[in-house]
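# Structural overview for review
One-letter residues, chain by chain:
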Amino acid sequence: MNYQIKDIKLAKKGLLRIEWAKKNMPVLVYIMKYFKKEKPLKNLKIACCLHVTTETAVLTETLLCGGAQVYLCASNPLSTQDDVAAALVKYFGISVYAQKGEDTKRYYEHIKAVLSIKPDITMDDGADLVSSIHNLPFDKHKNIIGGTEETTTGVIRLKALAAANKLRYPIIAVNEAKTKHFFDNRYGTGQSTIDGIIRATNKLIAGTNFVVCGYGWCGRGVAMRAKGFGANVIIVEVDPLKALEACMDGYKVLNMKEASKIGDIFVTVTGNTKVIRKEHFKNMKDGAIVANAGHFNVEIDIQGLQSLSKQKKIIRDFVEEYTLYNGRKIYLLAEGRLVNLASAEGHPAEVMDLSFANQALSVEYLKNNYQKLKKQVYLVPHDIDNTIAILKLKTIGIKLENLTVEQKKYLSSWQLGT
Ligand code: ADE
């Protein structure tokens, strides 16, 4: 078995942490039991490009239980948990190519290693795996029957590929499932981003001017949690509806120019590029903290920050101090990469349970339906989404109210009014 990880001796620690996550992933454990019995993924080779975390480990175990062969590389150079990578190799026999802090060259070598197994299915988080495939000659991967995509940024890239008529196989956009983005993007990103900022800086959030750039599902989550910590939350948004929503949710809404003058902590969660630029850094207060929780490290113009700085030094793990020519200091967290996965551990298992249940059942769906699917980006079937919600409620012990016969009739009639 081939692999490239930091240190196999970390495996025991990784295994214990995987077991801890698994206790909080009851839906996936339920699917695992069903997969063990039915083996719906028998003989499938699955190439996964995911954040290598304890939660991902539980997903890969589920896929193994379904009968698949699983190969894993990282979907971000800074998000790998090295002990988990070691445990997956040692205890689960998975070929893992991932090491926290790997450079871009090594990152793509790892993607190449995973693709060399000629997968039947791809499972991506950010679409680097799929875009790498699309840069290769078609005949290299003509056996791929389908893929899944975990995140908003990846779905945007894949839709662009499909719109250009270049997508080579069907993809299920796991991110678009309600049981994914309502929970993972909002409560997961919300908690883990604040967690990442606190672990990196140990700063008090209360009383700070906390600027959230982007009010999508992730931005809403970050804003909600920052408010809960006692921050004065400011939203920067380009979309009029989202800006209005942020305003009526009780936040101050400013443009980047105004926000840059008063913010103490800045978090980008837009999915777009160069959201915080030179002109904004110049306005920032001495001591401002800048972090990103969007998928790629493009939201903060780090080159621009560098060009304004006379000195740069690492002062804590995941905290770089930039001293500007104007004498002020700006602190960049986690090199502008996903702060929640770089300096914390990503979303908690309870929400990844939902996201990864969607992944596991979407792979089964692809296996059973790929012949009917076109080279398009598909939603997760409603039945899968709904089943996951029902299962999750069951595991939490929440009972639903049932409609009475009279209520059902009322809801399906047009005659009954005043
Ligand atoms: N994305 C965000 N949090 C994650 C986690 N804990 N595991 C895998 N992918 C993630």
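Above this text you will find the structure in question.
Residues numbered from 1 in each chain as written. Predicted model: local features only at pLDDT ≥ 70, side-chain atom pairs only at ≥ 80, totals over all residues. Heavy atoms only, no water.

Taking 1.5 Å of rise per residue, 12 residues should cover 16 Å, and helix H9 (residues 217-228) covers 17 Å from first to last C-alpha, within 8% of that figure. One or two steps after H9, the chain reaches Gly230, where phi turns positive at roughly 95 degrees. (Helix = DSSP H or I, 4+ residues; strand = E, 2+ residues; numbered from the N terminus. Expected span 1.5 Å × (residues − 1).)

As a further point, take the side chain of Asp128. With respect to the element layout, Asp128 can be found in helix H6 (residues 128-134). Of the polar contacts made by the side chain of Asp128, one reaches the side chain of Arg157; its length is 2.9 Å. (Polar contact = N/O pair within 3.5 Å; in protein donor to acceptor, adjacent residues only side chain to side chain.)

Our next topic: the sheet that holds strand E6 (residues 171-173). The seven strands are arranged E3-E2-E1-E4-E5-E6-E15 in an open sheet whose pairing can be described as parallel. Of all the strands in the sheet, the pair left with one neighbour each is strand E3 (95-97) and strand E15 (377-379). The mean angle between the axes of side-by-side strands here comes to 20 degrees, regardless of whether they run parallel or antiparallel. Taken together, the four bridges between strand E4 (residues 121-124) and strand E5 (residues 146-149) define a ladder with parallel strand orientation. (Pairing = 2+ DSSP bridges. Axes fitted to C-alpha atoms, helices over the stretch in contact; angles between N-to-C directions.)

Using the criterion set out here, one finds 16 salt bridges in the structure. Residue Lys22 pairs with Glu61 through a salt bridge whose shortest N-O separation is 3.1 Å. Here Glu61 lies in helix H3 (residues 54-65) and Lys22 lies in helix H1 (residues 11-23), a separation of 39 residues in the sequence. When sorted by exposure, Lys22 lands in the same class as Glu61, which is buried. Salt bridges sharing common partners tie together Arg17, Asp83, Asp195, Arg199 and Glu345. (Salt bridge = Lys/Arg side-chain N within 4 Å of Asp/Glu carboxyl O. Buried < 20%, exposed > 50% of the residue type's maximum accessible area, 1.4 Å probe, protein only.)

Here we come to the nonpolar core. Membership of the largest hydrophobic core comes to 56 residues, with the highest contact counts inside it found for Leu28, Ile46, Leu63, Leu88 and Val96. In terms of residue count, helix H15 (residues 349-369) provides more of this core than any other element does, nine residues in total. Residue contacts for Leu28: discarding those within four places in its chain leaves Val58, Leu59, Thr62, Asp353, Phe356, Ala357 and Ala360. Of all hydrophobic cores here, the second largest spans 29 residues; its members include Ala200, Ala223, Val233 and Ile289. (Core = buried A, V, L, I, M, F, W, Y, C linked by side-chain atoms within 4.5 Å. Contact = heavy atoms within 4.5 Å.)

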